[in-house]
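Each chain, letter by letter, is given below.
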Amino acid sequence: FTGTHPLQRPDGSTYPEGSVDPEEIRFDPLSPAEWWTDEGDRGDRLVDTAIRAARPDGGFAGQLPLAPNLAMRPDSGPRGNEELEALTFAAGGSRVISAVESSLLQDGPAPTAEHGALGRITVQDRGGRVLAQHAYPIDPVFAPGEDGNNGVASVVADQRDPERLLVLERSYVSGVGNSIRIYEADLRGATDVQHVPALPGQQVRPVRKRLLADLSDFGLQTVDNVEGITWGPRLPTGERTLFLVSDNNFSPSQTTQLIGLAVR
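All of these numbers come straight from a predicted model, not from anything done at the bench.

**Q** Quick rundown of the side chain of D107? Include the residues and the values.
**A** Its place among the elements puts D107 in the loop between strand 8 (95-100) and strand 9 (117-125). In terms of polar contacts, D107 uses its side chain to reach the side chain of R120, at 2.7 Å. Of the polar contacts made by the side chain of D107, one reaches the backbone nitrogen of L199; its length is 2.9 Å. The residues touching D107, leaving out its near neighbours within four places in the chain, are L118, R120, P197, A198, L199 and P200.

Below, the structure written as structure tokens:
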């Protein structure tokens, strides 16, 4: 990195303080642009979540139409602060895959220590047409405690297979800490739920997933609020590198972590 540029609105102005909450950012493999997710807001007013594109100088380069069930409505759509979080390109850049952090309001309660939840992963083409949407099984919160939560923080496509993703689940319990797990998710065979208004009571086959890594197994001095994942270069041994980064929330009590893993 040699410099930074502020993200801009369509009129060329910068976003007012507090008006956006950027989460994931990805380089576009087919054009000189970066795509990023904005969580939106469910507070005093409803602000829709969004996927936007920016030119290298920060200029506005477009916005992707989203699935209608992701719209912020009083009794449906993403939960507050658990909106559209994760974004990746697949199939060489022809597919845009995104995921909400937790279950939509109409899809049942958020994860607790007693039960998990069903989030939604959406597959679109570059014009925004929804190709499929799948239910993703989010783990229960890893420990009981106050303010516990778990959700999808980031996804990255398997470059060899457009139907496979690596999914980063980030769980936090106040007074206990964080649990970070990486899953391999296979979209094949999962029910297309883009036209299912609410998941409870429906015969839905969710995405299959298997655990690849739990950061608690790596002997790290601490496991902080890791929320980013991306592929790195291949090692001389033939392994792919996978890099993780934490979001320290600008807090002096948290740790900025860059973690590199080798994947066979």
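On we go.
**Q** A description of the nonpolar core should follow, citing residues and the corresponding values.
**A** When a protein is soluble and globular, its nonpolar side chains tend to lie buried together. Residues Y136, V152, L165 and V167 are the most contacted members of the largest nonpolar core, which totals 18 residues. Among the elements of the structure, strand 7 (84-90), strand 8, strand 9, strand 10 (130-138), strand 11 (149-158), strand 12 (161-173) and strand 13 (177-186) are those that each provide at least two residues to this core. Among the elements that take part in this core, strand 11 stands out by supplying 3 residues, more than any other. Once you skip the residues sitting within four places of it in the chain, V167 turns out to touch Y136, V152, S154, V155, R181, I182, Y183 and A185. Counting residues in hydrophobic clusters, the runner-up holds 16 residues, among them L168, L242, L244 and I259.

**Q** I'd like to hear about the pattern of salt bridges, residue by residue, with values.
**A** All told, the structure shown has 22 salt bridges when counted by the stated rule. R120 serves as the salt-bridge partner of D107, at 2.7 Å between the closest nitrogen and oxygen. Note that D107 is positioned in the loop between strand 8 and strand 9 and R120 in strand 9, a separation of 13 residues in sequence. The class of D107 is buried, set by a relative accessible area of 7%. Under the relative-accessibility criterion, R120 is labelled buried at 1%. Its salt-bridge partner being K209, residue D139 comes within 2.8 Å of it at the nearest N-O pair. One end of the pair, D139, is in the loop between strand 10 and strand 11; the other, K209, is in strand 14 (residues 208-214), with 70 residues separating them in the sequence. Since its relative accessible area comes to 12%, D139 is described here as buried. With a relative accessible area of 25%, K209 lands in the partly exposed category.

Thresholds, definitions, all that
- Residues numbered from 1 in each chain as written.
- Predicted model: local features only at pLDDT ≥ 70, side-chain atom pairs only at ≥ 80, totals over all residues.
- Heavy atoms only, no water.
- Helix = DSSP H or I, 4+ residues; strand = E, 2+ residues; numbered from the N terminus.
- Polar contact = N/O pair within 3.5 Å; in protein donor to acceptor, adjacent residues only side chain to side chain.
- Contact = heavy atoms within 4.5 Å.
- Core = buried A, V, L, I, M, F, W, Y, C linked by side-chain atoms within 4.5 Å.
- Buried < 20%, exposed > 50% of the residue type's maximum accessible area, 1.4 Å probe, protein only.
- Salt bridge = Lys/Arg side-chain N within 4 Å of Asp/Glu carboxyl O.

Limitation: the analysis is restricted to geometry and does not speak to function.
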